[in-house]
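Here is how the chains run, residue by residue.
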Amino acid sequence: MYRFKPLAFVLGLTLISPALAQQGSKSNAAHSIEAALRAGESARALELVESELQRSPKDATLLALKGIALSRLGRDKEALSAYNGALNISPDYLAALEGAAELEYKAGSSRAVPLLNRIVKLRPEDPTSHAMLGVIA
């Protein structure tokens, strides 16, 4: 079986930053949350993102960052909900697509397939998504 490193950990914030930029200019709050995540302070990042979501509950960037923080805290069900919230606002938001696809794949859910297909459509050269789709097939 193909062994992959989870997308959120392989990509870390190296891909998250450009994906967040896809949403427009990031707020200072998003930078602070990213910094907490980079420092391995997932609980602090979650506190920061929850505070910001009080002001901007429909911010796809904040919801994706919440998903990342929750995922790193092992709270996958809640993380998936946050990623799905981001995708409801911005269906092609790569950071949220990757996070949701990773969690669905990890859970053995067939819901990973359409997410992975959307990633491949946006980034046809993505080897991890292709490999994950191959394993599912």
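Residues numbered from 1 in each chain as written. Predicted model: local features only at pLDDT ≥ 70, side-chain atom pairs only at ≥ 80, totals over all residues. Heavy atoms only, no water.

**Q** In this structure, what is going on with the overall build of the protein? I would like to understand it.
**A** Of the regular secondary structure elements, the protein holds eight helices and zero strands. The secondary structure elements of the protein, listed N-terminal to C-terminal, are α-α-α-α-α-α-α-α. In the protein, buried positions account for 48% of the 137 residues. Considering only contacts within the protein whose residues lie at least 6 apart along the sequence, 49% involve residues at least 24 apart. (Helix = DSSP H or I, 4+ residues; strand = E, 2+ residues; numbered from the N terminus. Buried < 20%, exposed > 50% of the residue type's maximum accessible area, 1.4 Å probe, protein only. Contact = heavy atoms within 4.5 Å.)

**Q** It is not clear to me how helix H3 (residues 42–55) should be interpreted in this structure. Could you clarify?
**A** Two residues of an α-helix separated by three or four positions point the same way, owing to the 3.6 residues in each turn. Between its terminal C-alpha atoms H3 stretches 20 Å, which fits the 20 Å expected from 14 residues at 1.5 Å a residue. Listing the buried residues of H3 in full gives Ser42, Ala45, Leu46, Val49, Glu52 and Leu53. Buried residues in H3, looked at end-on, bunch into an arc of 130°, giving them a common side. Of the exposed residues in H3, those oriented more than 90 degrees away from the buried face are Gln54 and Arg55. (Expected span 1.5 Å × (residues − 1). Arc of directions from axis to C-beta.)

**Q** I'm lost on the side chain of Ser42 in this one. Help?
**A** Its place among the elements puts Ser42 in helix H3. Ser42 gets classed as buried once you look at its relative accessible area, which sits at 9%. Apart from residues no more than four positions distant in its own chain, Ser42 is found in contact with Ala36, Leu37, Ala69, Arg72 and Leu73.

**Q** What exactly am I supposed to notice about the confidence of the model for the protein here?
**A** Note: predicted coordinates in regions of low pLDDT should not be interpreted at a detailed level. With 81% of its residues at a pLDDT of 70 or more, the protein shows a mean pLDDT of 86. Across the protein, the element-wise mean pLDDT spans from 46 in helix H1 (residues 7–21) up to 98 in helix H5 (residues 76–89). Below pLDDT 50 for its whole length, residues 1–15 participates in 24 contacts with residues either more than four positions away or in separate chains. A low-confidence stretch, residues 17–25 (pLDDT under 50), is modelled with 18 contacts involving residues beyond four sequence positions or located in other chains. (pLDDT = per-residue confidence, 0-100.)

**Q** What is the right way to read the pattern of salt bridges from this model?
**A** Pairing is possible between side chains of opposite charge, provided their charged atoms come close. Under the definition given, this model contains 10 salt bridges. For Arg55, the salt bridge goes to Glu52, with nearest N and O atoms at 2.4 Å. Here Arg55 and its partner Glu52 are both found in helix H3, three residues apart, which amounts to about one turn of the helix. Assessed through its relative accessible area of 18%, Glu52 is described here as buried. Between Glu104 and Arg111 there is a salt bridge whose closest N-O contact spans 3.2 Å. On the accessibility criterion, Glu104 (5% relative accessible area) is buried. Its relative accessible area of 54% is what places Arg111 among the exposed residues. Here the salt bridges share partners, and the residues they tie into one network are Glu98, Arg123, Glu125 and Asp126. (Salt bridge = Lys/Arg side-chain N within 4 Å of Asp/Glu carboxyl O.)

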